[in-house]
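# Inside the fold
What follows is each chain in one-letter form.
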Amino acid sequence: MSLIVTGSIGIDTIHAPTGNADSVLGGSAIYFAAAASFWSPVRLVGAVGEDFPADLEKPFHAFDIDLEGLEKRAGSKTFRWTGKYLDNMNDRETLSVELNVLAEDLPPVPEAYRDSKYVFLANTHPGGQIALRSQFPEAKLVVADTMDLWIETERALLTDLLKQIDGLVLNDSEAFLLTEKRNPVTAGKHILDMGPTFVVIKKGEHGALLVHKDGVAALPAYPAENVVDPTGAGDTFGGGMMGYLAATGDTSIGGLVKAMAAGTVVASFNIEKFSLERLLDLKRPDIDTRLNEYADMLAVV
Ligand code: AMP
């Protein structure tokens, strides 16, 4: 079933204890779309500036991503982000962010995308997320991601967005920032009171928690030994989860937990190399093999 994403597409510079990557492809929507495409074709709505380098476009064509909704906007500049990972490879600082085209209007949604049933509003300005959400009144499942920047600077818009979505994905520090509740289950329940049917709280190397109107579930992270660049872990988790949901159509709590397992495993590959390099040489059987190992690891009774 048709899956659509909007979010950032940009140029990242990454400093990590494992090395540096200068001006590489990044952005929430592109990580999401690449990961989701292992299960389902993805439609992408987003914009880059006229400065976007042609060689960074190549990965767009390597995955099953429909690019009709991607605009190269004349007179605008591409979103840029520079981040630095601390020695624990879990915590990071944003050294600089230039919103550029991300602060402008979204490109128009192509007519052919109107029947999209699964909508993912990857991390971007909540105004852009609301603008896209409103164009799919008959969507089966709408899920959004967000981050500390928007919780701090655009809380009113974010509160508005929460009333219009089925699910929210965010990390534990962001859940605390949004709710001021330290316990992630309590924070999750508080977010359910703000609108969504479920919330997924990502806890980095400690896995992810699902707080749903029908119950609570927790999944560990895949125990990864080779962590080179955690950038995009959250977005690839979301991509795997939504790609799996779009492929199976099972949005029950049980279906969501299986989808989270798919997200966990594809994210564990993404962090093995900088930027989208690992996803570019990944094949679906590699994912299925690791998913089986992960399932065996969880078979505790
Ligand atoms: P993640 O590691 O999953 O949180 O996602 C990292 C990606 O998010 C990077 O590729 C960045 O380009 C992108 N990003 C960073 N800050 C923002 C922001 N304020 N809005 C949208 N995307 C962002």
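Before reading further, recall that the structure is shown in the block above.
This structure is a prediction, so every number in the text was calculated from the model and none was measured.

## Looking at the overall build of the protein chain
Tallying secondary structure elements over the protein chain gives eleven helices and 13 strands in all. Relative to a compact globule of 301 residues, whose C-alpha radius of gyration would be 19 Å, the protein chain shows 18 Å and is just as compact. In terms of overall dimensions, the protein chain has C-alpha extents of about 55 × 40 × 35 Å along its principal axes. Per-residue burial for the protein chain yields a buried fraction of 53% across its 301 residues. Long-range contacts, defined as pairs at least 24 residues apart, comprise 64% of the intrachain contacts of the protein chain with a sequence gap of at least 6. For the protein chain, the exposed area adds up to about 12600 Å²; of that, 50% sits on carbon and sulfur atoms. In the protein chain, 26 side chains carry a positive charge and 42 a negative one; their mean positions are 4 Å apart.

## Observations regarding the packing of aromatic side chains
Enumeration over the complete set of coordinates arrives at three aromatic pairs. A centroid spacing of 6.3 Å and a plane angle of 75° characterise the contact between Phe38 and Phe63, whose relative ring orientation is edge-to-face. Highlighted residues: Phe38 in the loop between helix H1 (28-36) and strand S4 (42-49) and Phe63 in the loop between helix H2 (54-57) and strand S5 (65-73), separated in sequence by 25 residues. Given a relative accessible area of 14%, Phe38 falls into the buried group. Taking the relative accessible area as the measure of exposure, Phe63 reaches 11% and is therefore buried. Here the aromatic rings of Phe52 and Phe60 are separated by 5.9 Å at their centres, their planes lie at 20°, and the arrangement is stacked. Accessibility assignment for this pair places Phe52 and Phe60 in one class, buried. Between the NZ or CZ atom of Arg182 and the centre of the ring of Phe176, over which it lies, the distance is 3.7 Å. When the ring centre of Phe269 is taken as origin, the NZ or CZ atom of Arg290, which lies over that ring, is 3.7 Å away.

## Let's talk about the pairing of strand S8 (residues 118-121)
Alternating residues of S8 divide into Tyr118 and Phe120 and Val119 and Leu121, and every residue in both groups is buried. Here strand S1 (residues 3-6) pairs with S8 via four bridges, running parallel. Of the residues in S8, the one forming a bridge with Thr6 is Leu121. Handedness of the S8-helix H3 (residues 126-133)-strand S9 (residues 141-145) crossover: right-handed.

## Remarks on the packing of helix H6 (residues 172-179) against helix H7 (residues 184-193)
Packing of H6 against H7 leaves a shortest axis separation of 9 Å and a crossing angle of 55°. Classified by the interaxial angle, the pair formed by H6 and H7 is oblique. By crossing handedness, the relation of H6 to H7 is classed as left-handed. Here Ala175, Leu178 and Thr179 of H6 come into contact with H7, specifically with Ala187, His190 and Ile191. In terms of residue class, the contact of H6 with H7 is built from four nonpolar, two polar and no charged.

## Concerning the sheet that holds strand S6 (residues 79-85)
The mixed open sheet is built from four strands, whose spatial order is S3-S2-S6-S7. Each having just a single partner strand, strand S3 (19-26) and strand S7 (92-98) make up the two edges of the open sheet. Averaged over neighbouring strand pairs, the angle between their axes works out to 15° when direction is ignored. As paired elements, strand S2 (residues 10-16) and S3 share six bridges and run antiparallel to each other. Each residue of the ladder has a partner; that of Gly10, found in S3, is Gly26.

## Remarks on the side chain of Ser37
Residue position: Ser37 is located in the loop between H1 and S4. Overall, the relative accessible area of 14% leaves Ser37 in the buried class. Contact partners of Ser37, with chain neighbours within four places excluded, come to Val42, Phe63 and Asp64.

## A word on the site of the ligand
Around the ligand sit 19 residues, and of these Ser8, Asp12, Gly27, Gly232 and Asp235 come closest. Gly27 has a polar backbone atom sitting 2.7 Å from an oxygen atom of the ligand. In the model, an oxygen atom of the ligand is placed 2.8 Å from a nitrogen or oxygen of the Arg92 side chain. For the ligand, whose accessible area on its own is 510 Å², the fraction buried by protein is 92%. At the level of secondary structure, the elements contributing two or more residues to the shell around the ligand comprise S6, helix H4 (148-153) and helix H8 (233-248). Among the elements that make up the shell around the ligand, the one with the highest residue count is H8 (three residues). A breakdown of the residues in the shell around the ligand according to their chemical character gives nine nonpolar, seven polar and three charged.

Criteria and thresholds
- Residues numbered from 1 in each chain as written.
- Predicted model: local features only at pLDDT ≥ 70, side-chain atom pairs only at ≥ 80, totals over all residues.
- Heavy atoms only, no water.
- Helix = DSSP H or I, 4+ residues; strand = E, 2+ residues; numbered from the N terminus.
- Rg over C-alpha atoms; globule rule 2.2 N^0.38 Å.
- Buried < 20%, exposed > 50% of the residue type's maximum accessible area, 1.4 Å probe, protein only.
- Contact = heavy atoms within 4.5 Å.
- Areas by Shrake-Rupley, 256 points an atom, 1.4 Å probe, with all protein chains shown as cover.
- Lys, Arg positive; Asp, Glu negative; His and termini not counted.
- Charge placed at Lys NZ, Arg CZ, Asp CG, Glu CD.
- Phe/Tyr/Trp six-rings, centres within 6.5 Å; stacked < 30°, edge-to-face > 60°.
- Lys NZ or Arg CZ within 6 Å of the ring centre and 35° of its normal.
- Pairing = 2+ DSSP bridges.
- Right-handed = clockwise from strand over helix to strand, strands pointing away.
- Axes fitted to C-alpha atoms, helices over the stretch in contact; angles between N-to-C directions.
- Parallel < 35°, antiparallel > 145°, perpendicular 65-115°, else oblique.
- Left-handed = near helix turned anticlockwise from the far one by under 90°.
- Nonpolar A, V, L, I, M, F, W, Y, C, P; charged D, E, K, R; others polar.
- Near = heavy atom within 4 Å.
- Polar contact = N/O pair within 3.5 Å; in protein donor to acceptor, adjacent residues only side chain to side chain.

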